[in-house]
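# Coordinate analysis (summary)
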Amino acid sequence: MKKKQQRLVRIIAIVLAILLAGSAIVSVAISLAYAEEAQPTERNQYSFTMEYLGEEQALRVSQRLVYLNDSGIHLDRVVFYAPANLFRRQSALMYSDAEWTDVFPRGYLPGGAELLDVRVDDAATDWGFQGSDEIYLRVACDLEPGQSCEFAFDYYLLLTDNRAFLGVSELDWRLSDFYFAPAYVDELYGEFMLSTPTAFTRWIHSPAADFTATLVLPDLFLLASSGIEQAETDSENHVTRWTITAENARDFALNFGLRYRESVRTTASGVELRAVTNLRGKAGKLLDIAEETIETLEAWFGPFPVQQLDIVQSDCTPQLLDHSGCIWLSEDALKSDDLAHLLRTAIARQYFGFSAYAQPGADAWLSDSISEYLGYLLLEESEGNAAYLSALNAKVVPALQLTIPGGLVVTSDASLFTASEYGIVVRDRGAAVFHELRTAMGREELIDGLRAFYQLGQQTDVLTEMDLVRCLDETSGKSWEKFLTDWVFNIGDYVDQSIDWLD
């Protein structure tokens with residue numbers, strides 16, 4: 001094992017030395033008259049062909065993206081996120097000193113994407129990383145509004161031993177935010193809006209897209225993903241060819257590992273649930289919680305947003321990482337008393353984090369505050385009002401009794417918080433805001449307003465704060481902007497009121 005690790009270190013060191021020597025700008029002089037060649041598409045289309053390189057802890061990836069210019073302006077370039085390159089340099093990672101040992105228990109090793117080639121409509125183009133951390137990639141193109149083209153990226157994905165969103169550990173290989181994804185264009189200013197990485201909530205703007213992927217793995221591995229998986233076994237060569245599809249999804253993630261056990265259940269409405277874990281007795285509990293949660297959410301908000309939900313044990317450093325159609329839970333989370341609430345909240349985010357979508361950095365509360373509070377409402381639906389109040393007071397009241405420096409409020413941009421501040425302010429105090437709203441307008445009226453907000457999200461690319469206010473107003477027949485604004489900005493006043501119980 002030590003020799004293997006030393007070999008990996010040498011491979012990564014050589015690769016990164018090559019990258020750092022020549023990664024500033026790769027230029028090829030060509031004509032860019034290729035924009036009309038790709039077929040028009042209503043939303044972006046991703047496809048991945050991945051080759052598993054187990055000894056090197058890497059994958060060879062061929063990524064294709066049919067990209068639609070829906071910005072309303074002419075584009076002479078597209079700027080892509082390259083989040084895998086956060087692992088290229090220790091200084092680029094967004095983990096605090098307190099989190100570092102948990103994320104890298106055996107020490108930090110560099111990794112990331114070794115980009116071999118970028119093409120547009122199968123023609124060479126100008127491309128280069130921008131910024132010292134190389135997590136943004138500029139690719140030249142020539143796209144009028146409404147036109148499409150195909151971007152092609154060929155790269156090695158070098159995974160290091162860690163417990164982060166992307167990497168390898170004793171239990172599994174984790175791939176989330178591993179691919180090149182286009183940034184959001186502000187058509188008013190003609191600029192690509194680039195978010196600041198965070199470790200505790202989503203930060204990349206993700207337009208709905210369709211994904212397909214293929215990956216061949218040794219037949220002892222079990223794969224889970226944010227899409228629908230199909231497995232074709234080659235017994236002679238002891239491998240399995242996995243094909244994954246995900247339509248109209250906000251992101252794409254997968255993980256695979258050894259020693260997993262799989263349990264499957266289908267809800268009354270036809271949602272396929274997969275629980276993938278190596279802890280005995282946990283799969284049934286996960287499926288029970290998920291089935292009950294989905295049944296309630298469907299009664300409140302309509303059909304579940306995805307056909308299949310994978311709930312997977314993973315060596316991720318936070319207790320939970322969730323994706324469209326896929327939820328990763330750490331072993332600590334699976335063994336914790338908070339398991340039901342964590343899972344309920346994550347399943348609620350399938351509605352209010354991926355299907356009904358708000359800007360993940362600027363308006364993160366429209367996903368995380370709402371979903372956190374729905375976790376408590378789901379507990380109330382399952383176990384009654386006394387259980388709801390007990391859980392809400394046990395978690396939320398301590399957050400109301402703390403002083404948070406810097407004037408941070410529930411609606412502050414996620415990049416301004418530390419991980420602990422975000423949990424206290426956006427998740428816990430945000431839940432308190434919705435509790436106050438529920439107290440003022442009534443439980444069923446609040447659910448009606450959230451239902452209208454969700455339904456609007458099915459027709460709108462990005463939801464805003466005023467969309468929420470408008471939906472609450474229209475379903476209740478009253479005006480809630482002043483009330484909601486007051487509580488969003490002044491929920492911290494509880495700290496001066498010695499509140500010890502919420503009724």
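In case you missed it, the structure is sitting above this.
Structural notes, computed from the coordinates. Each chain has its residues counted from 1, following the order in which its sequence is written. A pLDDT threshold of at least 70 governs which residues receive local features in this predicted model, and a stricter bar of 80 or more applies before side-chain atom pairs are shown or counted, although totals over entire chains, interfaces and linings include all residues. Note that water and hydrogens are dropped before the side-chain values are worked out from all heavy atoms of the structure.

## A word on the nonpolar core
Going by this rule: Side-chain atoms within 4.5 Å are what join buried Ala, Val, Leu, Ile, Met, Phe, Trp, Tyr and Cys residues into a set we call a nonpolar core. Categorising residues by exposure relies on relative accessible area from a 1.4 Å probe, with only protein chains included: less than 20% of the type maximum marks a residue as buried, more than 50% marks it as exposed, and the intermediate range marks it as partly exposed. The contact definition used throughout considers only heavy atoms, calling two residues in contact when any of these lie within 4.5 Å.
Counting 82 residues, the largest nonpolar core has Phe48, Leu175 and Phe178 as the members making the most contacts within it. Among all residues touching Phe178, those that are not within four sequence positions of it are Phe48, Met50, Ala84, Tyr155, Leu157, Leu166, Phe252 and Leu254. Judged by nonpolar contacts, the second largest core, of 79 residues, contains Leu339, Tyr351, Ile404 and Met441.

## What about the pairing of strand S16 (residues 228-234)?
Convention followed: When DSSP locates at least two bridges between a pair of strands, those strands are taken to pair. By the criteria applied, helices consist of DSSP H or I runs no shorter than four residues and strands consist of E runs no shorter than two, each listed in order from the N terminus.
As paired elements, S16 and strand S17 (residues 239-249) share seven bridges and run antiparallel to each other. The residue of S17 that forms the bridge with Thr233 is Thr240.

## Notes on the environment of Ala123
Structurally, Ala123 is set in strand S5 (residues 123-124). Its relative accessible area of 22% is what places Ala123 among the partly exposed residues. In this structure, the C-alpha to C-alpha distance between Ala123 and Glu150, residues 27 residues apart in sequence, is 9.8 Å.

## Let's talk about the pattern of salt bridges
Oppositely charged side chains can form a pair if their charged atoms are brought close together. Put simply, the rule reads: In what follows, salt bridge is the name for a side-chain nitrogen of Lys or Arg lying within 4 Å of a carboxyl oxygen of Asp or Glu.
Counted under the stated rule, the structure contains 28 salt bridges. Where Arg265 meets Asp288, a salt bridge forms, and the shortest distance between an N and an O atom there is 2.8 Å. Note that Arg265 is positioned in strand S19 (residues 261-266) and Asp288 in helix H3 (residues 282-301), a separation of 23 residues in sequence. What makes Arg265 partly exposed here is its relative accessible area of 25%. You can call Asp288 partly exposed: its relative accessible area is 44%. By sharing partners, the salt bridges in this structure join Glu380, Glu381, Arg438, Arg443 and Glu444 into a single network.

## Some words on the sheet that holds strand S14 (residues 209-218)
On the basis of which strands lie adjacent, the open sheet formed by eight strands has the order S5-S4-S8-S2-S1-S14-S17-S16 and mixed pairing. Here the strands that pair on one side only, and so sit at the sheet edges, are S5 and S16.

## A short note on the packing of aromatic side chains
The cut-off we apply is this: Paired rings are identified among Phe, Tyr and Trp, the last through its six-membered ring, by centres lying within 6.5 Å, and are further divided according to the angle between planes into stacked (under 30 degrees), edge-to-face (over 60) and tilted (the rest). Remark: a charge is flagged as sitting over a ring if the NZ atom of Lys or the CZ atom of Arg is within 6 Å of the ring centre and within 35 degrees of the ring normal.
Counting across every chain of the model gives 43 aromatic pairs. For the pair Phe301 and Phe352, a centre-to-centre distance of 5.1 Å together with 85° between the ring planes defines the contact as edge-to-face. Separated by 51 residues along the polypeptide, Phe301 in helix H3 and Phe352 in helix H5 (residues 339-355) bring together distant segments of the chain. Across the pair, Phe352 and Phe301 agree in class, each one buried. Of the aromatic side chains, those joined through ring pairs into one cluster are Trp300, Phe301, Phe304, Tyr351, Phe352, Phe453 and Tyr454. A cation over an aromatic ring shows up here: Arg60 above the ring of Tyr156, its NZ or CZ 5.0 Å from the ring centre.

## Quick word on the sheet that holds strand S22 (residues 320-323)
Applied cut-off: Here, axes are lines fitted to C-alpha atoms. For helices the fit covers the stretch in contact, and angles between N-to-C directions go from 0 to 180 degrees.
Taken in spatial order, the five strands of this open sheet run S19-S20-S21-S23-S22, and their pairing is mixed. What marks the edges here is a single partner per strand, and that holds for S19 and S22. Averaged over all neighbouring strand pairs, the angle between strand axes comes to 15°, with direction disregarded. Contacting S19, strand S20 (272-277), strand S21 (308-313) and strand S23 (326-329), H3 crosses the sheet at an angle of about 150° to S20. Its contacts with the sheet put H5 on S21, S22 and S23, and the angle it makes with S22 is roughly 25°.

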